[in-house]
Amino acid sequence: MSIRFTTKAQRGMVALTVAAGLALGVAGCGSGGDDDKKPEASAPVSTDGGSNPSAQEGKDQPLAELKGEDGLILKIISAQRDSGGFVTVSGELKNDGDEAARLSARTSGDETEIIRHGTSLGGATLVDSASKKRYYVLRDTDGRPLTTTGMPRIKPGDSIPVFMQFPSPPSNTADVSFQLPTFAAATIQISG
């Protein structure tokens, strides 16, 4: 039951993060005077993306950007360790190509239990090179991966928020390698 609670809490955090990003974007566009300097400072960051995600990007620089197939780019915005022994990796999946793209089924990994629940980011792993350990995406009691699932086709220029939840590496481990099938690997830093 705690996994279901954690999943619901994570969905709420993703929704809250998106809402906060939208609120910051609206507040930045609607103010005048001295505040005009702050939106101009974040404007160069937003030249690569749409207006809503850039408000979130201007707030926090991505930990990594991973290029995948068909023009898809995964921006990892945070990797947060929580007191329950989990690490939640949050970000956005953007279509930087010229045509609508769908996430490859290979990103779900090759575990039968995860594949049974459709396309997901269930194949993602965190690799702790110092401890020589690999951490796989957590699953609930029904075998569903604790990640974003059921992702639609993404239109050119559009993005969707994503998350993945992993068991936490030891507290003294901060840098891990993030790997997802069909995407380049990247080193990210866990906070918290």
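Residues numbered from 1 in each chain as written. Predicted model: local features only at pLDDT ≥ 70, side-chain atom pairs only at ≥ 80, totals over all residues. Heavy atoms only, no water.

Quick look at the overall build of the protein
Check the secondary structure of the protein and you find 4 helices and 8 strands. For the protein, the proportion of its 192 residues judged to be buried stands at 38%. Restricting to contacts in the protein with at least 6 residues of sequence separation, those with at least 24 account for 61%. As displayed, the protein offers around 10,600 Å² of accessible surface, 52% of which is attributable to carbon and sulfur atoms. (Helix = DSSP H or I, 4+ residues; strand = E, 2+ residues; numbered from the N terminus. Buried < 20%, exposed > 50% of the residue type's maximum accessible area, 1.4 Å probe, protein only. Contact = heavy atoms within 4.5 Å. Areas by Shrake-Rupley, 256 points an atom, 1.4 Å probe, with all protein chains shown as cover.)

Let's talk about the side chain of asparagine 95
Relative to the elements of secondary structure, asparagine 95 occurs in strand β3 (residues 86-95). A polar contact is formed between the side chain of asparagine 95 and the backbone oxygen of glutamate 99, at a distance of 2.8 Å. A distance of 2.7 Å separates a polar atom in the side chain of asparagine 95 from the backbone oxygen of isoleucine 154. Look past the residues within four positions of asparagine 95 in its chain and what remains in contact with it is Asp70, Gly71, Leu72, Ala100, Ala101, Ile154, Lys155, Pro156, Gly157 and Asp158. (Polar contact = N/O pair within 3.5 Å; in protein donor to acceptor, adjacent residues only side chain to side chain.)

Concerning a negative patch on the surface
Where like charges cluster on the molecular surface, the negative patch consists of Asp70, Asp96, Asp98 and Glu99. For glutamate 99, the location among the structural elements is in the loop between β3 and α4 (112-115). A residue is classified by how much of its surface remains accessible, and glutamate 99, at 61% relative accessible area, is exposed. (Patch = residues over 30% accessible without salt bridge, like charges linked within 9 Å, V, L, I, M, F, W, Y side chains within 5 Å. Salt bridge = Lys/Arg side-chain N within 4 Å of Asp/Glu carboxyl O. Lys, Arg positive; Asp, Glu negative; His and termini not counted. Charge placed at Lys NZ, Arg CZ, Asp CG, Glu CD.)

Comments concerning the sheet that holds strand β5 (residues 133-136)
Hydrogen bonds between backbone groups are what pair the strands of a sheet, and the pairing can be parallel or antiparallel. As summarised here, the arrangement of the 4 strands in space is β5-β4-β7-β8, forming an open sheet in which the pairing is antiparallel. Across the chains shown, the open sheet's two edge strands, defined by having one partner strand only, are β5 and β8 (186-189). When strand polarity is set aside, the average angle formed by the axes of neighbouring strands in this sheet is 35°. Bridging between strand β4 (residues 125-128) and strand β7 (residues 175-179) involves 3 bridges; their strand directions are antiparallel. (Pairing = 2+ DSSP bridges. Axes fitted to C-alpha atoms, helices over the stretch in contact; angles between N-to-C directions.)

All we've got here are geometric facts, nothing functional implied.
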